[in-house]
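Examination of the molecular architecture
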Amino acid sequence: MLGTAAAVLFFIAFLINAADIGTNDVFSSTNVMLLGLTALALHLAGIGAHRTGHTTTRHRPWSRS
């Protein structure tokens, strides 16, 4: 989920930079890019990953147990 958010933030930063949109200091392309890098770092650290408590047991199809 955070990986997708990072991709969206990178795309927004690219659009701001490519279109040369004049924004205030808070929404500059550099700040949006840094938010994307933060989201990507959290994603790679495993924070925000989908975790389930449900475990499945796998049986071999040829097993007779």
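One numbering rule holds for all chains: residues counted from 1, following each sequence as written. Given that this is a predicted model, residues contribute local features only at a pLDDT of at least 70 and side-chain atom pairs are listed and counted only at 80 or more, while totals for whole chains, interfaces and linings are drawn from all residues. In computing side-chain values, all of the structure's heavy atoms are included and hydrogens and water are not.

A run of H or I in DSSP counts as a helix once it spans at least four residues, and a run of E counts as a strand once it spans at least two, with each numbered from the N terminus. You can see Val32 is positioned in helix 2 (residues 29–44). The buried category is assigned to Val32, whose relative accessible area is 6%. Through-space distance from the C-alpha of Val32 to that of Leu9 is 6.1 Å; in sequence the pair is 23 residues apart. Residue contacts are counted whenever heavy atoms from the two residues lie within 4.5 Å of one another. If near-sequence neighbours (up to four positions away) are discounted, Val32 is found in contact with Leu9, Ile12, Ala13, Ile16 and Phe27. The classification of residues rests on relative accessible area computed with a 1.4 Å probe and restricted to protein chains. Under 20% of the type maximum is buried, over 50% is exposed, and intermediate values are partly exposed.

One fewer than the residue count of a helix, multiplied by 1.5 Å, yields its expected span. If you check helix 2, its first and last C-alpha atoms are 22 Å apart, about what 16 residues at 1.5 Å a residue would give, namely 22 Å. Listed as buried for helix 2 are Val32, Gly36 and Ala39. Looking straight down helix 2, one finds its buried side chains confined to an arc of 60°; they lie on one side. Where helix 2 is buried, its residues meet helix 1 (2–18). Immediately beyond the C-terminal end of helix 2, within one or two residues, lies Gly46, with a positive phi of roughly 95°. Along the arc lie the directions from the helix axis toward the C-beta atoms.

Given a rise of 1.5 Å per residue, 17 residues ought to cover 24 Å, and the 24 Å separating the end C-alpha atoms of helix 1 matches this to within 8%. Within the span of helix 1, buried status applies to Ala6, Ala13 and Ile16. Along the axis of helix 1, the buried residues cluster in a sector spanning 85°; they form a single face. Structural note: helix 1 exposes Thr4, Phe14 and Ala18 on the side pointing more than 90 degrees away from its buried face. The inward-facing, buried residues of helix 1 contact helix 2.

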